[in-house]
Amino acid sequence: MKRLTRAALSGAAFAVALGGVAAPAYAQRDPAYAAARAAGEVGEKMDGYLGIVGTETPELRRIVNDINIKRRSVYSQRAQATNATLEEYALTAGCQAILATVPGEKYQAPDGSWQTRTSAPPMRDSRCP
């Protein structure tokens, strides 16, 4: 079973690498998201979803909810296509999204704390492929 899970995660990682994570496309379409990301108000979570860093506002909640709903839809479709669970695929997507952050952006470390990306590689979950 563990071998099957690892194979599914590897397949999901490959699919994420080919298809990208949902966030970059949305960032180009929503200047409010890009501004919140650049300001460190939102960040990439280990579970593959966007999170609010610090004080929540109704506008930030709207942005995060909108993106997370779209991500869940993409993850669900791609998980089914790669024979992975939604959670497995989302974790792999989260690993890739955190890896794709640039210096100054926020991401969630394996201990759950919010970190600011530096020029060093981000801290990632041990389950990341």
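Quick caveat: nothing in here was measured; it's all calculated off a predicted structure. (Residues numbered from 1 in each chain as written. Predicted model: local features only at pLDDT ≥ 70, side-chain atom pairs only at ≥ 80, totals over all residues. Heavy atoms only, no water.)

### Here's the deal with the packing of aromatic side chains
Let me state the cut-off plainly: Here a pair means two rings of Phe, Tyr or Trp (six-membered ring of Trp) with centres within 6.5 Å. Their orientation is stacked below 30 degrees between planes, edge-to-face above 60, and tilted elsewhere. Each helix is a run of H or I in the DSSP string that is no shorter than four residues. Each strand is a run of E no shorter than two, and both are numbered from the N terminus. Here's how the labels work: a residue is buried when its accessible area is under 20% of the maximum for its type, exposed when over 50%, partly exposed in between, all with a 1.4 Å probe on protein chains only.
Following the criterion strictly, the structure yields 2 aromatic pairs and no others. Aromatic side chains Y75 and Y89 sit 5.8 Å apart centroid to centroid with 50° between the ring planes, which places their arrangement in the tilted category. Of this pair, Y75 sits in helix α4 (residues 58–81) while Y89 sits in helix α5 (residues 86–99), placing them 14 residues apart in sequence. Of the two residues, Y75 and Y89, both sit in the buried class.

### A look at the nonpolar core
Rules: In plain words, nonpolar cores are sets of buried Ala, Val, Leu, Ile, Met, Phe, Trp, Tyr and Cys residues tied together by side-chain atoms within 4.5 Å. When checking whether two residues touch, look at their non-hydrogen atoms; a contact exists if any pair is within 4.5 Å.
Formed by Y33, A36, V42, L50, I52, L60, I63, V64 and I67, the largest nonpolar core amounts to 9 residues. Setting aside residues no more than four positions away along its own chain, A36 makes contact with E41, V42 and L60. Within the second largest apolar cluster, 7 residues are counted, among which are Y49, A79, A90 and A93.

### Re the sheet that holds strand β4 (residues 114–116)
Note the following rule: By this definition, two strands are paired if DSSP reports at least two bridges between them. Axis definition: a line fitted to C-alpha atoms, limited for helices to the stretch in contact. Angles are taken between N-to-C directions and run from 0 to 180 degrees.
Strand order across the open sheet formed by 4 strands is β2-β1-β3-β4, with mixed pairing between neighbours. In this open sheet, the two strands that pair with only one neighbour each are β2 (50–52) and β4. Shown here is a sheet whose adjacent strand axes are inclined to one another by a mean of 40°, direction ignored. Bridge count between strand β1 (residues 42–44) and strand β3 (residues 106–108): 2 bridges; the pairing is parallel. The residue of β3 that forms the bridge with G43 is K106. Across the sheet, α4 touches β1 and β2, and the angle it forms with β2 is around 165°.

### Points about the environment of C95
With respect to the helices and strands, C95 occurs in helix α5. For the pair C95 and M123, spaced 28 residues apart in sequence, the C-alpha to C-alpha distance is 9.7 Å.

### Concerning the packing of helix α3 (residues 31–38) against α4
Think of two packed helices as two axes; the pair is described by the angle between the axes and how far apart they sit. Convention followed: For classification, angles of less than 35 degrees are called roughly parallel, those exceeding 145 degrees roughly antiparallel, those between 65 and 115 degrees roughly perpendicular, and all remaining angles oblique. In the scheme used here, Gly and all other residues not listed as nonpolar or charged are polar, with Ala, Val, Leu, Ile, Met, Phe, Trp, Tyr, Cys and Pro taken as nonpolar and Asp, Glu, Lys and Arg as charged.
The N-to-C vectors of α3 and α4 enclose an angle of 105°; their axes lie 10 Å apart at closest approach. Classified by the angle their axes make, α3 and α4 are roughly perpendicular. The residues of α4 that touch α3, namely those facing A32, Y33 and A36, are E59, L60, I63, I67 and R71. For the contact of α3 with α4, the class distribution of residues is 6 nonpolar, no polar and 2 charged.

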